[in-house]
Amino acid sequence: MSWTTKEIVDQLAKVVEPSRIKIGADDLQFYGNDWSNLSKPNPCAIVFPTSIKEVQAIVGLANKLNFPLVPSGGRTGLSGGALAKDRELVVSFDLMNKILGFNKSDALVSCQPGVVTQVLKDFAESKGLFYPVDFASVGSSQVGGNAATNAGGVNVLRYGMTRDWIEGIKVVTGMGELLELNRGLKKNATGFDFRHLFIGSEGTLGLIVELVVELTNPPKDLNVMLMGLKSIEHTTQVLAVFKEKLDLTAFEFFSDIAMKKVLEGKKLRNPFDHIFPFYVLAEFESYSEVQLNAASESFERCIDFGYAVEGVVSQNQRQARELWEFREGITESIASYEPFKSDVSCRISQTPAFLCNLEEILNGFDPKIEAVLFGHLGDGNIHINLLKPTKMDSEEFREVCKIISESIFNLVKSFGGSISAEHGIGLTKKPYLNYSRSEVELDYMRGVKRLFDPNNIMNPGKLIDI
Ligand SMILES: Cc1cc2nc3c(=O)[nH]c(=O)nc-3n(C[C@H](O)[C@H](O)[C@H](O)COP(=O)(O)OP(=O)(O)OC[C@H]3O[C@@H](n4cnc5c(N)ncnc54)[C@H](O)[C@@H]3O)c2cc1C
């Protein structure tokens, strides 16, 4: 980039109020980074637009002067998608954070991209409705960021991904043009649905500047059961038994090391007398005796077949939340171990075989590197977190992890799975995209990128190069 920061800021100040352009060292560090903490942030400045017109003006300037943009939401991303390390201009949506309208009969809410996910969930609740996308970082992530990553989370089993709840989006393309896509229509058979190209595109095609999100009826009386198991294969056997009788809202699993770290990190009390090799958490509605009976019958069958050893069930909402903490607190509890993260998926029916193969691979590497396994088993989504041993140098750790990762990605490829179930490609997975996408597909992806962002100003270097 041949322009100096001062030149860019001077030009920006003509289209955005100068107080909404930040160049202080603390702001650059804070807004230039995401949760991946992959490398030192080094943006040239941060800009906070407040309207679509301003976003268009910023994109226009970036094209004219040829400087790169990094869209920035809540920066909870785990793949370095919102990391600005090469003097990019960070476009933060923190000030475009308003709910714009709600239509009860459509159950549709329009909002700006910077609305925090939890705020949207609370808004839905205030209308007697439910926004089902849910995961541990919803208190910080933004609806625009969720759409850009097609976020999943703990409710995908029943409700699907973010994509399934977005009935319309407005985007400013890499060329600065405003597109209004699908406009909240339930049915629209008019050819290519560009909305779905932008969802999950990680800010590489354009900026999401407005969304129309669908809400639904809330689930009733959620109950949670946590079970301790002896082996990895039993996780999917328990799932099969529970799915037979219950319409589960979530089915999660985690390993013994995950349990130890969360007990330690969150100072929780172990609900069992000892640590089991694996745990599963099943969530289901229990508004009538039918569901409660089905749940206890399923549990008893799991005990009889030897799939589960012990279990605890919530008696009220507070206990349900407490049981969830064992699963949802894992990511935070292991953050200090510089975890090397993988987030892979395969078909649900293949998860038992996949998990057994995965265990074999992990056992073949340095036993000092602890592997924390957890994930949304009901969707075939497994999170693998490798923890840095205290005495190992960070650089050496990352090198070993890359080797382990390649073995895991080869396994994923042999199962026809995905190297990124929900965290996105960003920078961390970019070199490995061809483990899940064919060369022909990658060529088409480059073609799409060139179409919407011919000057490559939108989050360059992330997801795919053109
Ligand atoms: C503790 C923890 C638990 C998590 N659990 C889950 C989980 O269960 N499931 C899951 O899917 N994810 C999970 N995540 C990852 C993360 O929260 C999601 O990817 C989330 O959707 C990111 O939203 P964000 O607003 O923080 O986006 P950011 O991190 O700010 O950005 C993510 C990507 O989107 C782009 N972007 C952001 N806003 C826009 C916009 N308006 N227009 C265009 N591009 C944009 C960025 O450039 C970047 O490429 C977790 C993260 C943490 C820290």
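Being a predicted model, the structure only gives us computed values, none of them experimental.

## Digging into unusual backbone geometry
Backbone geometry places N182, a non-glycine residue, at a positive phi of 75 degrees. As for its placement among the helices and strands, N182 is situated in the loop between β8 (178–181) and α7 (195–198).

## Quick notes on the pattern of salt bridges
This structure, assessed with the given rule, holds 23 salt bridges. A salt bridge links E167 to R195; its shortest N-O distance comes to 3.8 Å. With E167 in strand β7 (residues 166–173) and R195 in helix α7, the pair connects residues that are 28 residues apart, well separated along the chain. In this structure E167 comes out as buried when scored by relative accessible area, which is 7%. You can call R195 buried: its relative accessible area is 9%. As a salt-bridge pair, D453 and K449 come within 2.7 Å of each other at their nearest N and O atoms.

## What about the site of the ligand?
Contacts to the ligand come from 36 residues, most closely from P71, G74, T76, G77 and S137. G81 is positioned with one of its backbone polar atoms (N or O) 3.3 Å from an oxygen atom of the ligand. Compared with its free state, where it exposes 980 Å², the ligand has 97% of that area covered by protein. Mapped onto the shell around the ligand, the elements with two or more residues apiece are β3 (69–72), α5 (143–149) and β9 (206–214). With 5 residues, α5 is the largest single contributor of residues to the shell around the ligand. Looking at the shell around the ligand residue by residue, the classes come out as 12 nonpolar, 21 polar and 3 charged.

## Section: a nonpolar patch on the surface
On the surface, F192, F194 and L197 cluster together to form a nonpolar patch covering roughly 320 Å² of accessible area. Considering the arrangement of structural elements, one finds F192 in the loop between β8 and α7.

## Description of the pairing of strand β10 (residues 222–229)
Burial of β10 is extensive: 8 of the 8 residues sit out of reach of the surface. Burial along β10 is two-sided: the residues L222, V224, L226 and G228 and N223, M225, M227 and L229 are all buried. With 4 bridges connecting them, β10 and strand β13 (residues 310–313) associate as antiparallel partners. Paired with L226 across the two strands is V312, which belongs to β13.

## A word on the sheet that holds strand β1 (residues 21–22)
Ordered by their spatial adjacency, 4 strands build an open sheet running β1-β2-β4-β3, and the pairing between neighbours is mixed. In this open sheet, the two strands that pair with only one neighbour each are β1 and β3. Lying on the sheet, helix α3 (residues 52–65) is in contact with β2 (45–47), β3 and β4 (89–92); it crosses β3 at an angle near 155 degrees.

## Details of the nonpolar core
If you look at the biggest cluster of nonpolar residues, it comprises 55 residues, and the most contacted ones within it are M227, V238, F242, F354, L358, L386 and I408. When residues of this core are assigned to their parent elements, the largest contribution, 7 residues, is made by helix α14 (residues 394–414). Split by domain, the residues of this core number at least three in each of domain 3 (222–331) and domain 4 (336–431). Excluding residues within four positions of it along the chain, V238 makes contact with M227, L229, F251, V280, C302 and Y307. In terms of nonpolar packing, the next biggest core, distinct from the first, is built from 31 residues, L120, F123, I166 and F452 among them.

## Structural notes on the domain arrangement of the protein chain
As assigned here, the protein chain comprises domain 1 (5–95), domain 2 (99–214), domain 3 (222–331) and domain 4 (336–431). Contacts between the two partners involve 15 residues from domain 1 and, on the opposite side, 21 residues from domain 2. For the pair domain 1 and domain 2, the summed buried area comes to about 1,300 Å², and 65% of that belongs to carbon and sulfur atoms. Considering only the surface of domain 1 that becomes buried against domain 2, I52, Q56 and F93 emerge as the three largest contributors, covering 37% of it. Between domain 1 and domain 2 we count 0 salt bridges in total. Summed over the shared surface of domain 1 and domain 2, the result is 4 residue pairs in polar contact (both at pLDDT 80 or more). When contributions to the side of domain 1 that touches domain 2 are tallied by element, the ones reaching two or more residues are α3 and β3.

## Considering the sheet that holds strand β14 (residues 340–345)
Ordered by their spatial adjacency, 7 strands build an open sheet running β13-β10-β12-β11-β15-β16-β14, and the pairing between neighbours is antiparallel. The open sheet is flanked by β13 and β14, the only strands paired with a single partner. The average undirected angle you get between the axes of adjacent strands in this sheet is 15 degrees. Inspection of the sheet shows strand β11 (residues 250–255) paired to strand β12 (residues 278–285) by 6 bridges, in the antiparallel sense. Counted as the bridge partner of F253 is V280 from β12. Packed on one face of the sheet, helix α13 (residues 351–363) meets β11, β12, β14, β15 (370–376) and β16 (381–387) and runs near 10 degrees to β16. Of the strands in this sheet, β14 and β16 touch α14, which is tilted by about 5 degrees from β14.

## Topic: helix α10 (residues 289–305)
Under the 1.5 Å per step criterion, the end-to-end length of α10 is 24 Å for 17 residues, consistent within 8% with the ideal 24 Å. For α10, the complete set of buried residues consists of Q291, A294, A295, S298, F299 and C302. Within α10, the buried residues cover an arc of 130 degrees as seen down the axis, which keeps them to one side. Facing away from the buried side of α10 by over 90 degrees, the exposed positions are E289, V290 and D304. Close packing links the buried residues of α10 with β10, α8 (232–245), β12 and β13. Taken from the residues just after α10, G306 is the one with a positive phi, measuring 80 degrees.

## With respect to the packing of aromatic side chains
Working definition: an aromatic ring pair is given by the centre-to-centre distance plus the angle between the planes. Summed over the entire model, instances satisfying the criterion amount to 17 aromatic pairs. With 5.4 Å between their ring centres and 85 degrees between their planes, F272 and F276 make a pair best called edge-to-face. With a relative accessible area of 3%, F276 lands in the buried category. For the ring pair F409 and Y435, a centre distance of 5.9 Å and an interplane angle of 55 degrees mean the geometry is tilted. Separated by 26 residues along the polypeptide, F409 in helix α14 and Y435 in the loop between α14 and α15 (439–452) bring together distant segments of the chain. Judged on exposure class, the residue F409 and its partner Y435 are both buried. One aromatic cluster is present, formed by F192, F194, F198 and F452 through successive ring pairs.

What counts, and at which threshold
- Residues numbered from 1 in each chain as written.
- Predicted model: local features only at pLDDT ≥ 70, side-chain atom pairs only at ≥ 80, totals over all residues.
- Heavy atoms only, no water.
- Helix = DSSP H or I, 4+ residues; strand = E, 2+ residues; numbered from the N terminus.
- Salt bridge = Lys/Arg side-chain N within 4 Å of Asp/Glu carboxyl O.
- Buried < 20%, exposed > 50% of the residue type's maximum accessible area, 1.4 Å probe, protein only.
- Near = heavy atom within 4 Å.
- Polar contact = N/O pair within 3.5 Å; in protein donor to acceptor, adjacent residues only side chain to side chain.
- Areas by Shrake-Rupley, 256 points an atom, 1.4 Å probe, with all protein chains shown as cover.
- Nonpolar A, V, L, I, M, F, W, Y, C, P; charged D, E, K, R; others polar.
- Patch = residues over 30% accessible without salt bridge, like charges linked within 9 Å, V, L, I, M, F, W, Y side chains within 5 Å.
- Pairing = 2+ DSSP bridges.
- Contact = heavy atoms within 4.5 Å.
- Axes fitted to C-alpha atoms, helices over the stretch in contact; angles between N-to-C directions.
- Core = buried A, V, L, I, M, F, W, Y, C linked by side-chain atoms within 4.5 Å.
- Domains from an automatic or database assignment.
- Buried area = accessible area lost by both parts, 1.4 Å probe.
- Expected span 1.5 Å × (residues − 1).
- Arc of directions from axis to C-beta.
- Phe/Tyr/Trp six-rings, centres within 6.5 Å; stacked < 30°, edge-to-face > 60°.

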